[in-house]
Amino acid sequence: MENGSNGVVTLLFTEDELREISGVKRCDDYVEVMCGCTSHRYGDAVARLRVFSSGELEITCECTPGCTEDKLTPAAFEKHSGRETARKWKNNVWIIVNGEKVPVVKTPLLKYYNKSSKHANGSNRSQNGKACHRDEFLRCTECKKDRRFRLRSKEECRTYHDALANVHWNCSCIPYDKFSCDDEEERASRRVYRGCSRSSTCKGCTTCVCFGCQICRFSDCSCQTCSDFTKNAKA
C-alpha cells in the first residue's frame, strides 16, 4: 500500500482489488479512480470517482476542459452526462478495468457504499453525505396550478418555507423564475419526478423526506416548526 500525503496508509482496498483498474490514486481517506458514463447522443463523459471509507461516492466531471461540475453524486453525474436511460447509475457509470469499460457495480469499489446503504437506518442523507430534500409543490391561490420548488440549498428551502406560510401565495411570488398564472402547469407525468437521490420517482422515503435539519429550519423564523427545532437543537 502507498502512503497518503500525511503518511497515513490507505487501506480501503487491497492491491489485488485495484490492480487492473485505471487511474488509481490513493489519498489519506479515499481512493480516486477514472470513471465515465456514455451517452448515445453525446458520447463518453469522463470523470474522477472518489470512494470514501464512509461509503460516500463523489465525482468530479472532466467531460470538457471548462466543466465545473464537482462533488456530484453518481446519479447526478449520470444525468449530467446526458445518459438516455438514467436512474441506473450502478450499471451506467463505468470504470476502466484491464482496458475495458466495466460497470462500477461489477467492481469492488461499491463495497463501502453497499454497507452504508444497508445500515442507513432512516438517515436523511444522500449519496454525497449531505441532507437531501425532495422537490415540493405549492398551489397558487389564484389560478390553482401547482408550482415546483427545488430544495437543494438553504436559500431555496427558505423560499419554500416562507411561501408555505403565505396564505395568499400566488405564481408571481416566485423569486427565482418569472411566473404568472398564464404559464402552463407541469404535466402530471413530469410532476412524479421529485429529485430523490434514491429514485427520482420516489413518493417519499427516509432519504428525501426531512423532518428537520439545519438546511430547512431557521433560527430567525418564529413559526412553531422552526422554534421547536431550534429549541431541541440547543438542548
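A short tour of the structure in this document, coming up. On a predicted model such as this, the values are computed, not experimentally measured, just so you know.

**Comments concerning the packing of aromatic side chains**
No. 1: Tallied over the full model, the rule gives 4 aromatic pairs.
No. 2: With centroids separated by 5.5 Å and ring planes inclined at 80°, the aromatic side chains of Phe-13 and Tyr-112 adopt a geometry described as edge-to-face. Taken as a pair, Phe-13 in the segment before α1 (15–18) and Tyr-112 in helix α4 (residues 111–118) lie far apart in primary sequence, 99 residues in all.
No. 3: For Tyr-112, a relative accessible area of 15% gives the class buried.
No. 4: With centroids separated by 5.6 Å and ring planes inclined at 55°, the aromatic side chains of Phe-149 and Trp-169 adopt a geometry described as tilted. Taken together, the positions of Phe-149 in strand β8 (residues 146–149) and Trp-169 in the loop between α5 (154–165) and α6 (188–191) put the pair 20 residues apart, joining distant regions of the chain. Summarising the burial analysis for this pair, Phe-149 and Trp-169 share the class buried.
No. 5: An aromatic cluster of three or more residues is present, and its members are Phe-149, Tyr-160 and Trp-169.
No. 6: One residue, Arg-158, lies across the ring of Phe-218, its end atom 4.8 Å from the ring centre.

**Focus: the pairing of strand β2 (residues 30–39)**
No. 1: Burial analysis of β2 places 8 of its 10 residues in the buried class, the great majority of the element.
No. 2: In this sheet, β2 lies alongside strand β1 (residues 25–26) in antiparallel orientation, the contact comprising 2 bridges. Bridge pairing in β2 places Arg-26 opposite Val-31.
No. 3: Hairpin remark: β1 followed by β2, antiparallel, with 3 residues in the connecting loop.
No. 4: Pairing of β2 with strand β3 (residues 43–52) involves 10 bridges; the strand directions are antiparallel. What sits directly across from Ser-39, in β3, is Gly-43.
No. 5: Hairpin connection from β2 to β3: 3 residues lie between these consecutive antiparallel strands.
No. 6: In this sheet, strand β5 (residues 93–97) lies alongside β2 in antiparallel orientation, the contact comprising 3 bridges. Paired with Cys-37 across the bridge in β5 is Val-93.

**Thoughts on a positive patch on the surface**
No. 1: Residues Lys-79, Arg-150, Arg-187 and Arg-190 make up a contiguous surface patch of positive charge.
No. 2: With respect to the helices, strands and loops of the structure, Arg-187 is situated in the loop between α5 and α6.

**Considering unusual backbone geometry**
No. 1: Phi is positive for Asn-98, which is not a glycine, with a value near 55°.
No. 2: Along the chain, Asn-98 turns up in the loop between β5 and β6 (100–103).
No. 3: One non-glycine residue, Lys-144, lies in positive phi territory at about 65°.
No. 4: Its place among the elements puts Lys-144 in the loop between β7 (136–139) and β8.
No. 5: For Lys-144, a relative accessible area of 51% translates into the label exposed.

**Remarks on α5**
One full turn of an α-helix is made of 3.6 residues, so residues set three or four places apart face in the same direction.
No. 1: Over its 12 residues, α5 runs 17 Å from end to end, which matches the ideal 16 Å to within 8%, given 1.5 Å per residue.
No. 2: Listed in full, the buried residues belonging to α5 are Cys-157, Tyr-160, His-161 and Ala-163. End-on view of α5: buried residues confined to an arc of 165°, all on one side of the axis. Within α5, the exposed residues directed more than 90 degrees away from the buried face are Glu-155 and Ala-165.

Rules used in this analysis
Residues numbered from 1 in each chain as written. Predicted model: local features only at pLDDT ≥ 70, side-chain atom pairs only at ≥ 80, totals over all residues. Heavy atoms only, no water. Phe/Tyr/Trp six-rings, centres within 6.5 Å; stacked < 30°, edge-to-face > 60°. Helix = DSSP H or I, 4+ residues; strand = E, 2+ residues; numbered from the N terminus. Buried < 20%, exposed > 50% of the residue type's maximum accessible area, 1.4 Å probe, protein only. Lys NZ or Arg CZ within 6 Å of the ring centre and 35° of its normal. Pairing = 2+ DSSP bridges. Patch = residues over 30% accessible without salt bridge, like charges linked within 9 Å, V, L, I, M, F, W, Y side chains within 5 Å. Areas by Shrake-Rupley, 256 points an atom, 1.4 Å probe, with all protein chains shown as cover. Salt bridge = Lys/Arg side-chain N within 4 Å of Asp/Glu carboxyl O. Lys, Arg positive; Asp, Glu negative; His and termini not counted. Charge placed at Lys NZ, Arg CZ, Asp CG, Glu CD. Expected span 1.5 Å × (residues − 1). Arc of directions from axis to C-beta.

All we've got here are geometric facts, nothing functional implied.
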